[in-house]
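Commentary on secondary and tertiary structure
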Amino acid sequence: KMRNLDATICITLPANPVLAGAQCFCLDSDSATLWVATSTSLCRVSSDYQVSTLVDLVGTERLVPGDRVVGLEYESGADFVCLALLNGDVLTFNTHSHEVECVGSVSAGLDAMAWSPDQDLVVFVTRDQKLLLMTREFDPVTEVAMCPEEFGEAAPVNVGWGQKETQFHGSLGKSAAKQPASKEGHQTPLSWDDRKVRVTWRGDGEYFACSTFEPAIGIRKIRVWTKECTLHSTSEKKEGLEQALHWKPSGNLMASTQRKPNRHDVIFFERNGLQHGEFTLHAGRLDLVVKDMLWNGDSTVLALWLEGMPTPQSDTPKPTTVQLWTTNNYHWYLKQELHLPPPSNDPTHHPPPSLVGIAWDPVNPLRLHLLTSSGQYLVRQWRWTVSESTAHTKENMATVAVIDGSNLLLTPFRISVVPPPMCGHSIELSGPVSMVTFAPPPRCNDFVALLADGSVAMFGCAPLPKQGKGDDGFKNVTSPPQLVAMAKLAMDKGHILRQLSWWKTDLLLAVVSCDQSCDRIVEFSVGAVDSEKHTADIVQCCATSCQLPVLCLYSNPDTHTTVVELSDGSVLRYTDGSLLPWETGGAQSLCYPVEPCDSISLATFADKECVVGLNTRRRTLFINDLKVASCCTSFTIHDEFLLFTTDSHTCRCLSLLTSYKALPPLTSDKLSVHDETVRRVERGSKIVTSVTHDTRLVLQMPRGNLETICPRALVLTTVRRWLDELNFRDAFVAMCKHRINLNLMYDHNPPRFLSHVKDFVSQLDVVNRLNLFLTDLKEEDVTVTMYPGSGEVSGKMASSSYPKPANKVDTVCNAVRQALLELGEDRFLLSVITTMVKKTSPELEAVLEEISRLKALSPATNGMHLPTPEEAIKYTLFLVDVNQLFDVALGMYDFDLVLMVAERSQKDPKEYLPFLNELRRLPLHYQRFRIDQHLKRYGKALVHLSQCGTERFDECVAFMCQHSLYREALGIFNDKSSPQYKTIASAYGDYLVEKAQYKDAGIMFTLCGNLLKALAAFEKAKMWSEVFVLSSKLGYVEAERIQLARRVAASLKDARCHGDAATVLLDYAKDVDECVDCLLQGSLWEEAQRIVYLHGRWELVETCLKPSLVQAQQSLVALVLNMKETFSRHVSRLEIVRVEKTKRQQAIEDGTYAADEKDTDLFSDTSSVTGLSVASSRASKASGRSSKNRRKTERKKRSMKEGSLHEDVALMDAVSELACTADRMQEEVGSLLRLLALYDYMALASSLQSEFAALMGVVRDGIPRVWKSASSVVLKSELPDMRQSAAMEIEVQAPKVRELSWQLGMLG
C-alpha cells in the first residue's frame, strides 16, 4: 500500500509480580479485559490497566507442580473463562460467581486447545496425537487420529493425462524418467522446532488446520479438517517448514514459515494443501526464529513474532522482534518493526523472562497486545496514513513516501506516476523506518525519517531542474534525495518516540510516550549540520505534558498551526509550549465525544482555519464540529478544495472559498448532469495525494494499482484562474485535454475576453487552435447550462451577470477576425474564413471572394505559410455543405470559382458540366436569370429577366404570376402610364381576388383603370360607399343603380349589417318600407321609429313597428328565462363536481383511492389507470394527429357529460358564455323597454324588465361563486403521474359584466 502505519497508542506497563510467570492470555472484547493464566493463578487486567488475581489455581489444587496451562479462552456467550491444562483437565471460571469448575478431563493429557471463531466448537489436541472435538457445552462430537496416512477428502484425482516418460525433466535428461520414484526419507528436524501442535480456525468456522511434527520423516505437515472433524486435505511436503501457522480471517490462505538454505520465507497455503505464494523476510538474517504469526481482524496486517535463534555456545538471551507486514499489488511491505528489550540475565529468573504471546484486538484491528513472562504488558496501536508533502506551493513535488522495512520508496507525483511496488527513488537506511515527515516551505520536499531504534535521518532534495535528456536519451527530471544527517534523539530511559512532525524550518515536534496515562509533546531544535560526517545537533528544547494519551499530531506546513487530538476526542492547539482548546465558535471547544478521529488535518475555509477529521471505522468526516459526511473513506486538502472519496464510489469536492457552515447538503448522487463537484470513481478507490497548483488527484485501487484523475472541479477552477490571469494558452490546452467546452473562454468573462482578444489570438498563435475554438462557438451560455459552478467565487462578479451581446457568435467572430486582420498575416486566412462561415448568417460570398483573392496572388507572393486556394476550398467544404457552397459560387456568376468548388467536392461532373455549358451559351442577362431561377432567388431572377427586353415581357409576366412576384414587378415597371404596368396591376388584382382580398383587389383594379372589376371587388368586400362611387363613374342609370342597391343591401343583411343595409335601401333604392323592415330585423327600434316619422309613414307604426315590439318582447322573455335556469343549473353542478374532485384528490394522496366503473369516462381518451398511477395512452400520437382530430379532442375535453375528465372546465366555459351574452343584451333590452313604455305596453315592459333584472342578479351572484374573487382560475388534473396530454393546465377567465343604465324607473 501507499499508506504507512503510524503509532497512535504506545502503552507499556512495568513488570507486575502478579503477572509473573504468565503462560498464556486471552482478550474479552466486551469489557476490554485481558485474562492471564500464570503458573499459579488466573489474573485479570481491566480496561484501566488495573491488575488483580481472581483465583489461586495452585492453592485450590487445580494446578499441581509440573503442570501448566496450555490453552486459555474467554467464552463471551456464557461469561466464563476456559482453561486447558497439560494434565488433561478442562476448567471453567465463572466471571460472575468466581467459581472454578472442572468440566472434563482427558487421561492422556492435552497439548493445545482452540475454539472456533463463533465459539460453538472447541478442538482439543491430546498428548497421544488425537483430536477431540466438543461443543461449547463440552459435549463430545468426535475423536480422530491427528496424523492419518490418507490425504483427505480433497485428494487430487489422477485422470491419466500424461505419463512420466513423456514429461520434461530438464538437465536430468530422459534417463530421469526411468528412475524409480523416491520415497519420503527421514529429514533432519529443525533444532529450534518446539514440536508442539498449532491449531488455527478459518474465519467462518467451517474448517480448522493443524500443524504437526511428523517424527517419522522429521518435518512438519499441515492438515485441514472440516468442522465435523473430517480430514479435508494434507499439505505437500515442505522441507524446513516451521511451527508458526495462522489462517487468514478472510478465509483464503494460511500463513506459515519455511527455512531454506539461503533465506527465510513466509509461505501461504490454500485449503487444498497446495502452496500459494511466499515472500522473503527482509532482514536477510538466518539467526531469527519465527515463534508465531497472527493476522489482524480485517486481514490487512500479518504480525510476526521473531526471536534470536538459541545457540548451545551462548546462554545470552536473544532480543525479541515483532514485525508488521502488509501486501498490495503482490508485494509484501514491512511497515513496522518493534524491538522489545532483551530479557535480563538476572539469576533470580529461571528461565529468563521472555515474550509469552501476541494478540490482535478483536474490536480495533490495528491494536496489538503483548505480554512477557515477567508480567510486563504492552499495548500498541497504529493508524493508516499517507506520508506526503502537503505544502501548497508550486515547488511541492507531491512526494509520497512508502515504508518497506529499511527501504524508503519515494514517488514525486508532480513528475511521474509510478505504480507500486515500483517507485521514483528507493533509499536504503541503516534500520527499519517507523514514520516519515516532510518539511514546511520553502524546503517542502525535504524530509525526516524516524527509525525503529529512535534515531532520525534527515534528507534533502534538490530543486526541480529543467527537463533535459541524459546520455541514455531519457529525461532527467529529478535527482534522488541525499542524506544530510543522522542523529539520535536524546530521551529518558523508557520513553518511546512514536510520532514526529517537521514543524518549522529548525524545529521538530514529537509525541513521546512516558507511561500508560501520560504523553509529552516535545520540541527538538535542529542545530548545525555537518555535511561531511552527516551529523546534526538535535537537542530537546521544550516538553509539554498531556493529561491523556495523544492520538494524532498534525502541523500545517503553510500556517505552522499545530493541533493535537487526545484519546478522549478533544482537540487542542499547540502554541509555544502550551496546549489550548481549539475553539469552533463562541466559547465551544472542539471534541469528538462518540469516537475520536484517527486522521486529522487543517484547512482554511473562507479565511477561517478549521480541523478536518476522519473516523475511518465509522467513515465519518468532520469539519470542526460539523459532520459533513457519514460515508467518507479518505480525504485530502487541495489548494481550493477539500477532496474526499465515499463508499458510494464517488469523489466529492468541497470548496474552501466558502464558510464550512454554508456548505450545501450532500446527496447520494449528482445534483445535475453538469455537477462538477461529484465524480464517479472505481469501487474501493482511496486518495493517495493531490498535486498542488495542478488538476491531478492520485487514487489507489483496492488491488494496488494507481489511477490519476482530474476532477472537473479542479480543472474548471484552474481554467478560470488562468482566464483571470489572461493565460489563454494554458487554459485552452487544459480545456482541450479534459474536453471542456471552449465557449467557457468567452462566457467566463465576456467583456474581459473582448478587450483582450488580441492577446488571445497571439497566445494561441496556431491556425488549428483558433479554428477549433471558433467552430465550437454556440449561443448557449455554458456558465449557466454546463458549468454553473462558474458563478460567484471569492467575491467576484458571477460570470452569468456580465453584460452579454444579443448575438454571441457573431460578436466573437467579428472580434477575432478584426484581431487577425490587424496582425496582417495571411497565414491566418483559414481562421478568417472560419469567422465568416461560423456566423449566424454565414458570409459565404465573402469567403469565396477571399479565395478568389488568394487565387489571384502570384506564386512568388504565395508565401510558405499561406494556404493555397485548393487548401482553402477544401477547408471551407469541411465547414459548409458542398451544395450550399456550390450554389453561392454559382450565384456570384463566376464559373471558374464554381468549377473549383465542384472539382474539390464529391459531385459527379456529369451532373454539373452540361448545366454550366448550357449557361455559358446564354446572353448575359438571361444567363443570370437562369442562374437565379435555379437558385430560387426569384426576385433577382425577375430583375434580370426584365432587363432582357420587351420580347421577353410575356415570359416575365408568366414568371411573375408563377412565383407571385407582383409587388416586385410593380417596383420594376413603375411607369403607371405604361401598358406593362397596367398589365401587371390587372394580374395582381386577379391574384388578390383569388386570395379573397377584395378590398386590395378593388384598389388595384382602380389604379389600372379596370372599374368594372374594381366595382365587383368592392361589392364583395361590403364596401358599399366605394361601390356607388364607381357606379357614378361608370354612368349607371337610375334603374341600374336601384338594382345594384337592392343587391348590395341583401348582401349586407346577410352579413347582419342591418344599419348599413337600411341606409342603402333608403338612399339609393328609395324604399322606405324595406328600410324600416330591415331596421326592425336588426332590432334597431329607435332608428326605425325615426325613419317612419321622418318620411310621414305613420301607418307603419301600427302595421310593422308595434307588432315587432310585442314579438321581440316575447322572444326575449323566453330567452331570459331559459338563460337564468341554465346558468343556475351549471353553477350548482360545478360546485358538486368540485367537491367530488377534492375528495378524490385527497383519497389519491392518502393512497386509498381505487378507480371503479364510474371513473372509466374520466380516463376514456387521454389516460389509462394502472393501480394509482395515471399515464397518457396517446401522448406519443398527439403530434401526428390531424387538425380535425385535434379539434375533436379539444371538444371532448370540454364535454359537459357528467363524470368526464374536464367537466368542471366545460361548466365554467358555459357559465362564462352565458354571463357575456347577458352583458351584451343590456343595450338591446334597454332600447326595447323604452319603446314598449312609449307605446303604452307597460305590462310587457314591466315583465321583461323584471325577468332580465332577475337574470342579471343571478349572473352577478354566480360569478364570485365560480371564480372565488379571482380574475381567472387555473385548473390542474388531480390524478397522479399524468402526462402532459391529461395533466394540462387550463385557464378560464372570469367574465366582466358592465354596470349599464338600461332599466326604466317608472316600471319599478
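Residues numbered from 1 in each chain as written. Predicted model: local features only at pLDDT ≥ 70, side-chain atom pairs only at ≥ 80, totals over all residues. Heavy atoms only, no water.

A look at the overall build of the chain
A tally of helices and strands in the chain yields 30 helices and 63 strands. For the chain, with 1308 residues in total, the buried portion stands at 49%. Across the chain, contacts joining residues at least 24 apart in sequence account for 52% of those joining residues at least 6 apart. In the form shown here, the chain has an accessible surface area of approximately 62100 Å², with 51% of it arising from carbon and sulfur atoms. (Helix = DSSP H or I, 4+ residues; strand = E, 2+ residues; numbered from the N terminus. Buried < 20%, exposed > 50% of the residue type's maximum accessible area, 1.4 Å probe, protein only. Contact = heavy atoms within 4.5 Å. Areas by Shrake-Rupley, 256 points an atom, 1.4 Å probe, with all protein chains shown as cover.)

Topic: the packing of aromatic side chains
Taken as a whole and assessed by the stated rule, the structure comprises 33 aromatic pairs. Relative to Phe959, the ring of Phe929 lies with its centre 5.2 Å away and its plane at 75°, an arrangement referred to as edge-to-face. Separated by 30 residues along the polypeptide, Phe929 in helix H15 (residues 924-934) and Phe959 in helix H17 (residues 953-963) bring together distant segments of the chain. With a relative accessible area of 2%, Phe929 lands in the buried category. A connected cluster of aromatic rings, assembled from ring pairs, spans Phe268, Phe279, Trp295, Trp325 and Trp332. Note that Lys335 overlies the ring of Tyr333, its terminal NZ or CZ placed 4.8 Å from the centroid. Its end group placed over the ring of Tyr893, Arg928 keeps NZ or CZ at 4.6 Å from the ring centre. (Phe/Tyr/Trp six-rings, centres within 6.5 Å; stacked < 30°, edge-to-face > 60°. Lys NZ or Arg CZ within 6 Å of the ring centre and 35° of its normal.)

Considering unusual backbone geometry
Of note, the amide linkage connecting Pro420 to Pro421 takes the cis form, showing an omega dihedral of 10°. Mapping Pro421 onto the fold places it in the loop between strand S31 (407-412) and strand S32 (425-428). The linkage connecting Pro441 with the following residue, Pro442, adopts the cis geometry, with an omega of 5°. Of note, Pro442 is situated in the loop between strand S33 (433-438) and strand S34 (447-451). Even without glycine at this site, Tyr893 takes up a positive phi of about 60°.

Examining the packing of helix H29 (residues 1207-1238) against helix H30 (residues 1242-1267)
Look at H29 against H30: their axes get within 10 Å of each other, and the N-to-C directions meet at 155°. Between H29 and H30, the crossing angle belongs to the class labelled roughly antiparallel. Here H29 runs over H30; the crossing is left-handed. When its residues are assigned to classes, the contact of H29 with H30 shows 21 nonpolar, three polar and one charged. (Axes fitted to C-alpha atoms, helices over the stretch in contact; angles between N-to-C directions. Parallel < 35°, antiparallel > 145°, perpendicular 65-115°, else oblique. Left-handed = near helix turned anticlockwise from the far one by under 90°. Nonpolar A, V, L, I, M, F, W, Y, C, P; charged D, E, K, R; others polar.)

A look at the sheet that holds strand S51 (residues 620-623)
Reading across from one edge, S49-S50-S51-S52 is the order of the four strands in this open sheet, with antiparallel pairing throughout. Each edge of the sheet is formed by a strand with only one pairing partner; in this case those strands are strand S49 (599-605) and strand S52 (626-629). With direction set aside, neighbouring strand axes in the sheet form an average angle of 30°. Pairing of S51 with S52 involves three bridges; the strand directions are antiparallel. Bridging across to S52, Phe622 finds its partner in Lys627. (Pairing = 2+ DSSP bridges.)

As for the side chain of Gln700
Take Gln700: it is sitting in strand S58 (residues 697-700). Of the residues examined, Gln700 reaches a relative accessible area of 5% and is grouped as buried. Here Asn328 takes part through its side chain, which lies 3.2 Å from a polar atom of the side chain of Gln700. Once you skip the residues sitting within four places of it in the chain, Gln700 turns out to touch Lys1, Met2, Arg3, Asn328, Pro420, Gly684, Ser685, Lys686, Val688, Asn705 and Leu706. (Polar contact = N/O pair within 3.5 Å; in protein donor to acceptor, adjacent residues only side chain to side chain.)

A short note on helix H6 (residues 767-775)
Those residues of H6 that fall on the buried side of the exposure criterion are Val767, Leu770, Asn771, Phe773 and Leu774. When H6 is viewed along its axis, its buried side chains cluster within an angular range of 160° and face the same direction. (Arc of directions from axis to C-beta.)

Let's talk about helix H12 (residues 882-891)
Along an α-helix, residues three or four positions apart point the same way, because every turn accommodates 3.6 residues. Of all the positions in H12, only Leu885, Phe886, Val888, Ala889, Leu890 and Gly891 are classed as buried. On its buried face, H12 sits against helix H10 (844-856), helix H11 (869-879), helix H13 (895-903), helix H14 (909-920) and H15. In this structure Asp881 caps H12, since a side-chain oxygen of it lies 3.2 Å from the backbone nitrogen of Asn883. Downstream of H12 by a residue or two, Tyr893 has a phi angle that is positive, lying close to 60°.

Regarding the pairing of strand S12 (residues 130-135)
In terms of residue burial, S12 counts as a mostly covered element, since five of its six residues are buried. Taking the residues that link successive antiparallel strands as the turn, the strand S11 (residues 121-126)-S12 hairpin has three residues, and the phi of Gln129 there is positive, at about 65°. Two successive antiparallel strands, S12 and strand S13 (residues 140-145), enclose a turn made up of four residues, where Phe138 displays a positive phi of approximately 65°.

Description of the sheet that holds strand S29 (residues 387-388)
Read across the open sheet, the four strands follow the order S29-S30-S31-S32; overall the sheet is antiparallel. The sheet terminates laterally at S29 and S32, the two strands that pair on one side only. Judged from the four bridges that link them, S31 and S32 form a sheet pairing that is antiparallel. What sits directly across from Leu409, in S32, is Ser426.

So, the pattern of salt bridges
Enumeration according to the criterion identifies 48 salt bridges in this entry. Residue Arg720 is joined to Glu676 by a salt bridge in which the shortest nitrogen-to-oxygen separation is 3.3 Å. Of this pair, Arg720 sits in helix H1 (residues 712-724) while Glu676 sits in the loop between strand S55 (650-655) and strand S56 (678-680), and the two are 44 residues apart along the sequence. Look at Glu676 and you get buried, because its relative accessible area is 10%. Notably, a salt bridge pairs Glu918 with Arg930, separated by 3.3 Å at the nearest N-O pair. Of this pair, Glu918 sits in helix H14 while Arg930 is found in helix H15, placing the two residues 12 residues apart along the sequence. (Salt bridge = Lys/Arg side-chain N within 4 Å of Asp/Glu carboxyl O.)

Notes on the side chain of Thr633
Following the sequence through the fold, Thr633 ends up in strand S53 (residues 632-637). What makes Thr633 buried here is its relative accessible area of 14%. Within polar-contact distance, the side chain of Thr633 engages the side chain of Thr645 at 2.6 Å. Residues contacting Thr633, with those up to four places away along its chain left out, are Leu614, Arg619, Thr645, Thr646, Asp647, Ser685 and Lys686.

Considerations on the environment of Asp765
Note on placement: Asp765 falls in the loop between helix H5 (757-764) and H6. Classification of Asp765 as partly exposed rests on a relative accessible area of 35%. Sequence-wise, Asp765 and Phe828 are 63 residues apart; in three dimensions their C-alpha atoms are separated by 8.9 Å. Among all residues touching Asp765, those that are not within four sequence positions of it are Arg827 and Phe828.

A closer look at the confidence of the model for the chain
Of the residues in the chain, 87% reach a pLDDT of 70 or more, and the chain-wide mean stands at 84. Here residues 1269-1289 scores under 50 on pLDDT; set against residues more than four positions off or in separate chains, the count is 64 contacts. (pLDDT = per-residue confidence, 0-100.)

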